Amino acid sequence: MDDLKNILDEFSFKGELKRCEAFGSGHINMTYIVTYNDNNSISHYIVQKVNTNVFKNIDALMENIFAVTSFLREKIKLNSGDPERETLNFIKTKDGAKYCKSADGNCYRAYRFVDRSKSYDSVDSAELFKKSAVAFGRFQKYLSDFPAETLHETIPNFHNTIWRFENEFIPAVQSDIKGRAKSCSREIDFVMKRKEDCSLLVNLIKQGKLPIRVTHNDTKLNNVIFDEDSDDAICVIDLDTVMPGLALYDFGDSIRFGANTCAEDEPDTSKVKINLDYFKAYAAGFLSEAGDSFNAYEIENLAFSAKLMTLECGMRFLTDYLNGDTYFRTDYPEHNLVRARNQFALVADMESHMEEMKNIISTL
Ligand code: ADP
Ligand code: GN1
Ligand code: MG
């Protein structure tokens, strides 16, 4: 176990350490909020232990994040925004490094907490969801002239759904190392029947129909923070998966998480539905910022991308369940299976509303 106090001492925080507590609800990294008092001036920072089981090359990861946040800072200034609040501001170690490594080999990084901000784990109005869409759309727009070829692929094939199907899901079913496959044969079948869906976007990329852009790739609602006073979405966070990708990945993943009438781990799947009002609000907000450059194939596949990102995420939860829960943090033994069932219920509901979803897009 690392002594967090020793880790904090590695960073150039000013003042005396007052508090340090676990924070947030992410499934991958371990996040802490720390408070310092410098001559009665209180500062908060976020410190994160990066999951090196998931992110194998932390130097590449941090290089990406520093490059992207520096680029965004200039864009925000050009647009008369406030770079202190609208992008992440990292704190280097006392040695000038982008992160610090503990004696146990764990990697920690730190950045400024955005004061007077809040985050949401679920959507409470179409208006709020639209605000998050504007922030994610703007994020993509601001990065549209970032040199994508300089970015490292922090998790190769992250949204290559057919790759995940063939190289992760099928091997997990076949090896069934925990003997769990028999308890989830319906869920396994659900994915098997949708194999063709998994290749659709990848094939459009191969045919040159979908442009590769710099995308966030993990556009959950709680990966954007809101201003406590105005409730505007101010800053896109959790930048570990910023990589070359499709606009559709960012759109689809937001819908997966935010337009579900339930949390992604609600066990009662009869409550899981697609909220079409939220779908419409998000699409309107996202397109208002990023949509100008979209081609016809991107527009045509917006509704499908929501279904695909949900199917992919459910397949990843199910794969992790079959593998013995080694990737996503879980709170109880069946957590990943519950999450997978929830995602598949949402896929099924989207399938029965696909024409309505497409019609909504065509009215925008
Ligand atoms: P995780 O990998 O745990 O999802 P995040 O980077 O998304 O980590 O951070 C977890 C939570 O911490 C966020 O959902 C948000 O509530 C809060 N948070 C993260 N960074 C900041 C920040 N710079 N300012 C304010 N809150 C933040
Ligand atoms: C993980 O780190 P977090 O909780 O924002 C995962 C996403 C999944 C999401 C499901 C790097 O996101 O891909 O969609 O859980 N992140 C990574 O809730 O795998
Ligand atoms: Mg997060």
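Here the structure is shown first, and the text comes after it.
Residues take numbers from 1 onward in each chain, read along the sequence in its written order. Key to labels: chains lettered from A, ligands numbered from 1, both in the order written. pLDDT decides what is reported in this predicted model: residues at 70 or higher carry local features, side-chain atom pairs at 80 or more are listed and counted, and totals for whole chains, interfaces and linings draw on all residues regardless. Hydrogens and waters are ignored; side-chain quantities use all the structure's heavy atoms.

With that settled, the discussion passes to unusual backbone geometry. Backbone geometry places Asn39, a non-glycine residue, at a positive phi of 50°. Under the scheme used here, helices are H or I runs from DSSP no shorter than 4 residues and strands are E runs no shorter than 2 residues, and both carry numbers assigned from the N terminus. Note that Asn39 resides in the loop between β2 (30-38) and β3 (41-50).

Here we come to the coordination of the magnesium ion (ligand 3). Surrounding the magnesium ion (ligand 3) are the protein donor atoms Asn223 (OD1) and Asp238 (OD), at 2.1 to 2.2 Å. One end of the pair, Asn223, is in the loop between β8 (213-215) and β9 (224-227); the other, Asp238, is in the loop between β10 (233-236) and β11 (243-245), and 15 residues separate them in sequence. With a 1.4 Å probe rolled over the protein chains alone, any residue whose accessible area is under 20% of its type maximum counts as buried; one over 50% counts as exposed, and the rest are partly exposed. The exposure class of Asn223 is buried, given its relative accessible area of 4%. Classification of Asp238 as partly exposed rests on a relative accessible area of 23%. Donor atoms (N, O, S) are those found within 2.8 Å of the metal centre, with the cutoff raised to 3.2 Å for Na, K and Ca; water is not part of the atom list, so apparent gaps in a site can occur.

Here we come to the pattern of salt bridges. Pairs can form between side chains of opposite charge whenever their charged atoms are close. One speaks of a salt bridge when a side-chain nitrogen belonging to Lys or Arg is within 4 Å of a carboxyl oxygen belonging to Asp or Glu. One pass over the structure, following the stated rule, counts 24 salt bridges. The salt bridge partner of Arg256 is Glu264, with a shortest N-O separation of 2.8 Å. For the pair formed by Arg256 and Glu264, the shared burial category is buried. Each member of the salt-bridge network shares a partner with another, and the members are Arg194, Asp197, Lys307 and Glu351.

Throughout this document, a residue counts as near a molecule or strand when at least one of its heavy atoms sits within 4 Å of that molecule or strand. In the vicinity of ligand 1 there are 19 residues, among which Gln48, Val114, Ser119, Asn222 and Asn223 approach most closely. The separation between an oxygen atom of ligand 1 and a polar side-chain atom of Thr31 is 3.1 Å. Two N or O atoms count as a polar contact when they lie within 3.5 Å, although within protein this holds only if one can serve as hydrogen donor and the other as acceptor, and sequence-adjacent residues are included solely when both atoms are side-chain atoms. Contact between ligand 1 and Gln48: an oxygen atom at 2.9 Å from a side-chain N or O atom of the residue. Here ligand 1, which alone exposes 550 Å², has 94% of that area covered by the protein. Method for areas: the Shrake-Rupley scheme with a 1.4 Å probe, in which residue coverage is limited to the protein chains shown.

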